[in-house]
Amino acid sequence: QVQLVETGGGLVQAGGSLRLSCAASGSIGSRNAWFRLAPGKGREFVATINWSGSSTYYGDSVRGRFTISRDNAKNMVYLQMNSLKAEDTAVYYCAATRRLVATTLAADYDYWGQGTQVTVSS
């Protein structure tokens, strides 16, 4: 069983940066991702990374501003968020799957954290 715990959320001004962390107990999974859920919107794919960290993929709305990374020795996954905008305000969730193929579908991820709130003030 994989348990994921996100930390690092908070309140930041537009243009600022935050770094989210996801700590995994047990196996971190073959692939990890970040999703977000904003009020009145559906769950949105943010980024995904493979086991080795050699392959990443981003959602259109965050590409060029966010960076996903991992440290397998520490069972950690990170999301560096730069140039934050008010529309980035959401609860951010870390997810894990044993699938090897890159996927942006929430249904393909088997394990989820409880989420961490990110609020960007304009």
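In this report, we go over the structure that sits alongside the text. (Residues numbered from 1 in each chain as written. Predicted model: local features only at pLDDT ≥ 70, side-chain atom pairs only at ≥ 80, totals over all residues. Heavy atoms only, no water.)

**With respect to unusual backbone geometry**
- Not every positive phi belongs to a glycine, and N75 is a case in point at roughly 55 degrees.
- Mapped onto the secondary structure, N75 falls in the loop between β7 (66–71) and β8 (76–81).
- Located in the positive-phi region is S83, a residue other than glycine, with phi close to 50 degrees.
- Tracing the backbone through its elements, the reader meets S83 in the loop between β8 and β9 (90–97).
- With a relative accessible area of 42%, S83 lands in the partly exposed category. (Helix = DSSP H or I, 4+ residues; strand = E, 2+ residues; numbered from the N terminus. Buried < 20%, exposed > 50% of the residue type's maximum accessible area, 1.4 Å probe, protein only.)

**With respect to the sheet that holds β7**
- If you trace the four strands from one edge of the open sheet to the other, you get β1-β3-β8-β7, paired in antiparallel fashion. With partners counted over all chains shown, the strands left at the sheet margins are β1 (3–7) and β7, one partner each. Shown here is a sheet whose adjacent strand axes are inclined to one another by a mean of 15 degrees, direction ignored.
- Summarising the sheet, strand β3 (residues 18–25) and β8 pair through six bridges and their orientation is antiparallel. From the neighbouring strand, A23 faces β8, where its bridge partner is M76. (Pairing = 2+ DSSP bridges. Axes fitted to C-alpha atoms, helices over the stretch in contact; angles between N-to-C directions.)

**Structural notes on the state of the cysteines**
- Scanning the model with the defined rule gives one disulfide in all.
- Covalent S-S linkage joins C22 and C94, the inter-sulfur distance amounting to 2.1 Å. Taking the sign of the torsion about the S-S bond as the criterion, the disulfide between C22 and C94, at about -80 degrees, is left-handed. With a gap of 72 residues between them, C22 in strand β3 and C94 in strand β9 connect regions that are remote in the sequence. The two residues C22 and C94 agree in class, both being buried. (Disulfide = S-S within 2.5 Å.)

**Considerations on the side chain of T97**
- Among the structural elements, T97 can be located in strand β9.
- Given a relative accessible area of 1%, T97 falls into the buried group.
- Reaching out from T97, the side chain makes a polar contact with the backbone oxygen of D108 at a distance of 3.1 Å.
- One polar contact links T97 to D110, side chain to side chain, over a distance of 3.5 Å. (Polar contact = N/O pair within 3.5 Å; in protein donor to acceptor, adjacent residues only side chain to side chain.)

**Focus on the pattern of salt bridges**
- Taken as a whole and judged by the stated rule, the model has five salt bridges.
- Note that D88 and R36 form a salt bridge whose closest N and O atoms lie 2.9 Å from each other. Remark: R36 occurs in strand β4 (residues 31–37) and D88 occurs in the loop between β8 and β9; sequence separation between them is 52 residues. The two residues D88 and R36 agree in class, both being buried.
- Between D60 and R63 there is a salt bridge, and its shortest N-O distance comes to 2.7 Å.
- Given the relative accessible area of 41%, R63 is considered partly exposed.
- Beyond isolated ion pairs, a larger network of salt bridges with shared partners links R36, E44, R65 and D88. (Salt bridge = Lys/Arg side-chain N within 4 Å of Asp/Glu carboxyl O.)

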